[in-house]
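One letter stands for each residue in the lines below.
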Amino acid sequence: MQHFILGIESSCDDTSAAVIRDDVILSNVTAGQDVHRIFGGVVPELASRAHQQNIIPVIETAIQKANIGKNQLSAVAFTRGPGLLGSLLVGTSFAKAFALGLNIPLIEVDHLQAHILCHFIRNADRTNPIPSFPFLCLTVSGGHTQFVLIRDYFDMEIIGQTIDDAAGEAFDKAAKIMGLPYPGGPMIDKLAVQGDPKRFAFSKPNIPGLNFSFSGLKTSFLYFIRDELKKDAEFIEKNKADLCASIQAAIIEMLMTKLTLAMDAKTGLNSLIINGKILPDVAIAGGVSANSGLRKALEDARDAFGWNIFVPPVQYSTDNAAMIAIAGYFKFLRGDFGSQSDTPYARSQKR
Ligand code: KG4
Ligand code: ZN
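Since we're looking at a predicted model, the values are computed, not measured.

### Details of the coordination of the zinc ion (ligand 2)
- For the zinc ion (ligand 2), the protein coordination sphere consists of His-111 (NE2), His-115 (NE2) and Asp-319 (OD), at 2.0 to 2.1 Å.
- Mapped onto the polypeptide sequence, the residues donating to the zinc ion (ligand 2) form the spacing pattern H-x3-H-x203-D. Linking His-111 in helix H3 (residues 111-117) with Asp-319 in the loop between helix H9 (314-317) and helix H10 (322-334), this pair joins segments that are 208 residues apart in sequence. Here His-111 matches Asp-319 in class, with each residue buried.

### Some points on the packing of helix H4 (residues 167-177) against helix H5 (residues 184-192)
- It is at 7 Å that the axes of H4 and H5 come closest, and there the two elements cross at 75°. Compared by their axis directions, H4 and H5 come out roughly perpendicular. Along the contact surface, H4 presents Phe-171, Asp-172, Ala-174 and Ala-175, while H5 presents Gly-184, Gly-185 and Ile-188.
- Of the residues contributing to the contact of H4 with H5, the split by class is 4 nonpolar, 2 polar and 1 charged.

### Overview of the site of ligand 1
- Close to ligand 1 lie 19 residues, the nearest being Gly-142, Asp-172, Asp-189, Gly-287 and Asp-319.
- Taking His-111, its side chain carries an N or O atom lying 3.1 Å from an oxygen atom of ligand 1.
- Take Asp-319: an N or O atom from its main chain is 2.9 Å from an oxygen atom of ligand 1.
- Burial of ligand 1 by the protein amounts to 89% of the accessible area it has alone, namely 550 Å².
- If you list the elements that add at least two residues to the shell around ligand 1, you get H3, H4 and H5.

### A short note on the pairing of strand E3 (residues 24-31)
- Bridging between strand E2 (residues 15-21) and E3 involves 7 bridges; their strand directions are antiparallel. When the sheet's bridge partners are listed, Ser-16 is paired in E3 with Thr-30.
- Adjacent in sequence and paired antiparallel, E2 and E3 are bridged by 2 residues, among which Asp-22 carries a positive phi angle near 50°.

### A look at the pairing of strand E6 (residues 135-140)
- In terms of burial, E6 is a largely internal element, 6 of the 6 residues being buried.
- The two faces of E6 match: Phe-135, Cys-137 and Thr-139 on one face and Leu-136, Leu-138 and Val-140 on the other face are all buried.
- Where E6 folds back on strand E7 (residues 145-152), the antiparallel hairpin that results is connected by 4 residues.
- With 5 bridges joining them, E6 and strand E9 (residues 281-285) adopt parallel strand pairing. Its bridge partner being in E9, Phe-135 is matched across the sheet by Asp-281.

### Here's the deal with the domain arrangement of the protein chain
- Taken as a whole, the protein chain is organised into domain 1 (4-126 + 315-334) and domain 2 (135-314).
- Taking only C-alpha atoms, the centre of domain 1 and the centre of domain 2 are 26 Å apart.
- Taken together, the contacts link 23 residues of domain 1 with 27 residues of domain 2.
- Considering only the surface of domain 1 that becomes buried against domain 2, Ile-116, His-119 and Ser-317 emerge as the three largest contributors, covering 29% of it.
- Where domain 1 touches domain 2, the interface holds 1 salt bridge.
- Its salt-bridge partner being Asp-152, residue Arg-334 comes within 3.8 Å of it at the nearest N-O pair.
- Inspection of the region where domain 1 meets domain 2 yields 9 residue pairs in polar contact (both at pLDDT 80 or more).
- Within the residue set of the side of domain 1 that touches domain 2, elements represented by two or more residues are H3, H9 and H10.
- Take the side of domain 1 that touches domain 2: its biggest share by element is 5 residues, from H3.
- Looking at the side of domain 1 that touches domain 2 residue by residue, the classes come out as 11 nonpolar, 8 polar and 4 charged.

Here is what the cut-offs are and how they apply
Within any chain, residue numbers begin from 1 and follow the written order of that chain's sequence. Each chain is given a letter, starting from A, and each ligand a number, starting from 1, according to the order in which they appear as written. With the structure being a predicted model, the display of local features is reserved for residues of pLDDT at least 70 and the display and counting of side-chain atom pairs for 80 or more, all residues being used for whole-chain, interface and lining totals. Heavy atoms throughout the structure, all of them, feed into the side-chain values; hydrogens and water do not. Distances decide who is a donor: an N, O or S atom must be within 2.8 Å of the metal, or within 3.2 Å for Na, K and Ca. Water is not included, so sites may look incomplete. Where helices and strands are cited, they refer to DSSP runs of H or I of at least four residues and of E of at least two residues respectively, numbered from the N terminus. Three labels apply to residues, based on accessible area from a 1.4 Å probe with only protein chains included: buried if under 20% of the type maximum, exposed if over 50%, partly exposed otherwise in between. Lines fitted to C-alpha atoms define the axes here, with helix axes fitted over just the stretch in contact, and angles between the N-to-C directions of these axes take values from 0 to 180 degrees. Angles are sorted into four bins: roughly parallel if under 35 degrees, roughly antiparallel if over 145, roughly perpendicular if 65 to 115, and oblique for all others. Working rule for contacts: check all heavy atoms of both residues, and any pair within 4.5 Å makes them a contact. Side-chain classes are defined by residue name, with Ala, Val, Leu, Ile, Met, Phe, Trp, Tyr, Cys and Pro counting as nonpolar, Asp, Glu, Lys and Arg as charged, and the others, Gly among them, as polar. To be near a molecule or strand, a residue needs just one of its heavy atoms within 4 Å of it. Polar contacts, as counted here, are pairs of nitrogen or oxygen atoms within 3.5 Å of one another; within protein the pair requires one atom able to donate a hydrogen and one able to accept it, and residues that are adjacent in sequence qualify only if both atoms are side-chain atoms. Surface accessibility in these figures is a Shrake-Rupley result with a 1.4 Å probe; residues are shielded only by whichever protein chains are displayed. For two strands to count as paired, DSSP must find a minimum of two bridges between them. Domain borders in the structure are assigned automatically or taken from a domain database. Put simply, buried area is how much 1.4 Å-probe accessible surface two parts lose in total, over both of them, once they are put together. By salt bridge we mean one thing: a side-chain nitrogen of Lys or Arg within 4 Å of a carboxyl oxygen of Asp or Glu.

Okay, structure coming up:
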């Protein structure tokens, strides 16, 4: 029997709805929020208001595009957290009312788990490869940078993470310093293509193990720009592509150095034989996994070290409801349902 599940994502500044038929996505509709651009970051109060305006049309469009009727839905899955509480409340309240109205189960989904589970979405002909357990995922988003060891769909262990800023924040803050609009990551990615990644070097931290720190890089970039602007007021304008390429290269190098450490044959996960499997598959997820430089670096590492890599399609990298729907599907199969008393959470929960 086929199951249709509606997924709803509203944790930050994207209102998104998706319909999945088992593990195949039928529709994935996202309304972004331009209102934040001039503020250089997400304004929580404005985000909640925009979610209120967008949620009904986005859900209606997702159901229409899936070409099903509401009464065919088996369950509704929603992002419970982490994220902005006011934003999460919009999706949570809608999901609760919708489930109650249709008398179908409600499924709460963790946003970070969902980013990882997007790798299990299948093509219509179900031929695309998916990772096998256990595997390693580098989750890189606007709020998180983590190494996660995934033993099963919902058996995930964080084995390293940032001690301050996330990788996405490093992109966004560097962009802001250069006067680029929010979100800066995609803009830096675009401009970096024409720039020289070796032109400028910035100091990098020395953090032990599998943890990261990005706040020092941001400060080094800020001071460098400030000093150069004293000598030439048009420094940023004249060197924008090289600045973007160089800061992007610095962030990618920090991520790849730690990923290589995690996958190292002697010290890292590859030294462990988990479930009889020696070489874990390695995946990336979250908004920064859309970055073309990071994707290329991972492909180079695959070619150099023989890693089996998994890179999500761009539409499943940045925030989207398809990932909520696939996570909802796996919970549905287990009968792992939420309840009307589930409340959103702003910070990551221990699971
Ligand atoms: O996963 P996501 O959409 O939202 C969160 O859960 O945080 O990630 C958003 C982050 C932002 O910091 C944005 O600048 C970054 O992902 N991002 C990128 C790219 N696309 C989005 N960073 C670098 N290159 C990109 N192409
Ligand atoms: Zn996200």
